[in-house]
Structures are given as C-alpha cells and as structure tokens.
Amino acid sequence: MSGYNVNMNYIPPDDRDKRQIVCIGDSHGCYDELIELLDKIDFNPTTTRLVFVGDLIDRSSKSLECVKLVRKLCEAGDAECVRGNHEEKCIRYRNYETKRYFTGQPNPIRLSKLDAAMHATYTDADVDWMRRLPLTIHLRDNWFAIHGGLEPAYKFSQQSPSQITRCRYVNDKGIAVPLKNFEQPLDSVYWTDLWDGPENIIYGHMVHSLSTPLVDVRPNGTKCIGIDTGVVYGGRLTSYNLDTDTFIQVQAKKVYYEAKFNIDE
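Residues numbered from 1 in each chain as written. Predicted model: local features only at pLDDT ≥ 70, side-chain atom pairs only at ≥ 80, totals over all residues. Heavy atoms only, no water.

Draft legend 1. Region of the structure containing the nonpolar core. In this structure, Leu 34, Leu 50 and Phe 52 are the most contacted members of the largest nonpolar core, which totals 39 residues. Listed by contribution, the elements that provide at least two residues to this core are strand S1 (20-24), helix H2 (31-40), strand S2 (48-52), helix H3 (63-75), strand S3 (79-81), helix H4 (85-103) and helix H6 (124-132). Residues contacting Leu 50, with those up to four places away along its chain left out, are Val 22, Ile 24, Leu 38, Ile 41, Phe 43, Leu 73, Asp 78, Ala 79 and Glu 80. Membership of the second largest hydrophobic core comes to 17 residues, among which are Phe 144, Tyr 169, Tyr 190 and Cys 224. (Core = buried A, V, L, I, M, F, W, Y, C linked by side-chain atoms within 4.5 Å. Buried < 20%, exposed > 50% of the residue type's maximum accessible area, 1.4 Å probe, protein only. Helix = DSSP H or I, 4+ residues; strand = E, 2+ residues; numbered from the N terminus. Contact = heavy atoms within 4.5 Å.)

Here it is as structure tokens:
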C-alpha cells in the first residue's frame, strides 16, 4: 500500500502512557485528506497515541484505502479505532450477503452503487477486523472516545451498544429518539445538552459545522467534544489533541457526497 509508512516498532507500555493523545474524526473514505492530516500532525507512534472515532468508510471512493491504512496501524499497535455506525452497517450487510448466497433471500440493506462497490472490495479479514473494534476506548482519567452518542438516562457502563454508535437526539428524560427525515425530532435536544458524565467524551458521527468542532461544557464541568466536521461533505477532517487542547484540520479537496440536511459553514 502506498501512502503512509507504518512504524512497526514495539512501544513499551510505560512509554505509551507518556504519549500525547490525538483523536481523528470521521474520514468516510477521504483517504487523501487523512494522509494529509497525519502528515500535518506529524504523526509518530512513539510520541502520539492515535485514536480514530470510527466511520472510516462509505460515501466516497477510497474507503478501502482508509480501512487498509487504519487496520494496518491498529494491528501494528500504532493506533486504535472505535466502531462507527457505518462499520456496523458493513458488518450487517456482509452477514446478509452471506445469507443471500446460501439461501437466496434478498439483502434488506440498501446501499448506493458506490458504497456497494466499495463493500465488495473488503476482504473477510477486513470485515472481521471491523467486527472486533471496540465501542469505547478509555483515553485517560475520565476521558473516553466513542463514535456516536450516549443516553443521559443511563450510566456510561449501562449504555446500549446500538446507541453508542448512533445516538444523536434525546427526549427530556435522556432517552434516544430517532431522526425523522434527517431532521431533529420535536421536543428533543442533542444528547450532549443533558450528559453530565462524569465521563468526558470525544466523538464523531454528527456534523454540526463544516469547519468548527463542537465543544460542550456542562455546568458541572463535564466536556463533550465532537470532531466530525464533514470532510465528506466538503468540510474539514479534524484531529483533536487532548493534551494540548488543540484542533488541527485539513480542508476537503472536493464535495464527495451531498448532505441531506443543513450544516453550518
């Protein structure tokens, strides 16, 4: 694979604990921007603990390259990644395709022609790797990385796996409510408006802006930092350094996918 060189050197656990923690938002197959961002942050696994917040795939033409790169980094011990809802969808799609092959039953998951073509290129080993990805990654202290959101009605340890990858909006009781035509449901709030922790969260999934990450600080000091700035929609690919509290971004080279909802510039 051309592009980014993976450092295969073993890093002792004691040295790992001293590395700066850098999280990268949803890349959605924007491989060129991902390579540019890794160069821009001067990624070195001996000094950086790199964590991806999922949704490496779908909606643009280099999903396979993103999977191969991040999988190689993870398997070398040079990065970590949580499972996003698009990886989850890929796993279900492959399961249904296997069932269709043996039974003839149609696959109920519909994909765009582009995404279907991309899914056909993933090896069984690629999909098995996605299946093994964790839903949460402990970063340090009370900081965690997830893909989607949390239901404030429940403790962190009691969260639904499906909501960890998908949750956006919740009712006044802190229970998730589904999107309706890609719009916020009536009488709902964004999940970070009610999440009082004590866990602080870095996440992707929801694009609030094509340029500005969303930083929410609750009255009790709990922080939630959303780093999906819609690179696939022509926005930016964002990284967040937890140790320096700084963002580094690269601009999308083009609009790869037209958003079905309004996004702030």
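Draft legend 2. Expanded view of the packing of H3 against H6. Packing of H3 against H6 brings their axes to within 11 Å, and their N-to-C directions diverge by 60 degrees. One element, H3, and the other, H6, form an angle in the oblique class. Seen from above, H3 lies across H6 with left-handed handedness. Residue-level inspection shows Leu 64, Val 67, Lys 68, Val 70, Arg 71, Cys 74 and Glu 75 of H3 in contact with H6, the latter providing Ala 125, Asp 126, Trp 129, Met 130 and Arg 132. Looking at the contact of H3 with H6 residue by residue, the classes come out as seven nonpolar, no polar and five charged. (Axes fitted to C-alpha atoms, helices over the stretch in contact; angles between N-to-C directions. Parallel < 35°, antiparallel > 145°, perpendicular 65-115°, else oblique. Left-handed = near helix turned anticlockwise from the far one by under 90°. Nonpolar A, V, L, I, M, F, W, Y, C, P; charged D, E, K, R; others polar.)

Draft legend 3. Here's a closer look at the sheet that holds strand S8 (residues 189-190). With respect to topology, three strands assemble into an open sheet ordered S7-S6-S8, the strand pairing being antiparallel. Strands at the two margins of the open sheet, each flanked by one partner only, are strand S7 (176-177) and S8. Here strand S6 (residues 169-170) runs beside S7; their pairing, made up of two bridges, is antiparallel. By the bridge assignment for S7, Val 170 is matched with Ala 176. (Pairing = 2+ DSSP bridges.)

Draft legend 4. Looking closely at unusual backbone geometry. Of note, the bond from Gly 197 into Pro 198 is cis; its omega dihedral lies within 30 degrees of zero at 20 degrees. Locating Pro 198 in the fold gives a position in the loop between S8 and strand S9 (200-203). One non-glycine residue with positive phi stands out, namely Asp 245, at about 55 degrees. Inspection of the secondary structure puts Asp 245 in the loop between strand S12 (236-241) and strand S13 (246-251).

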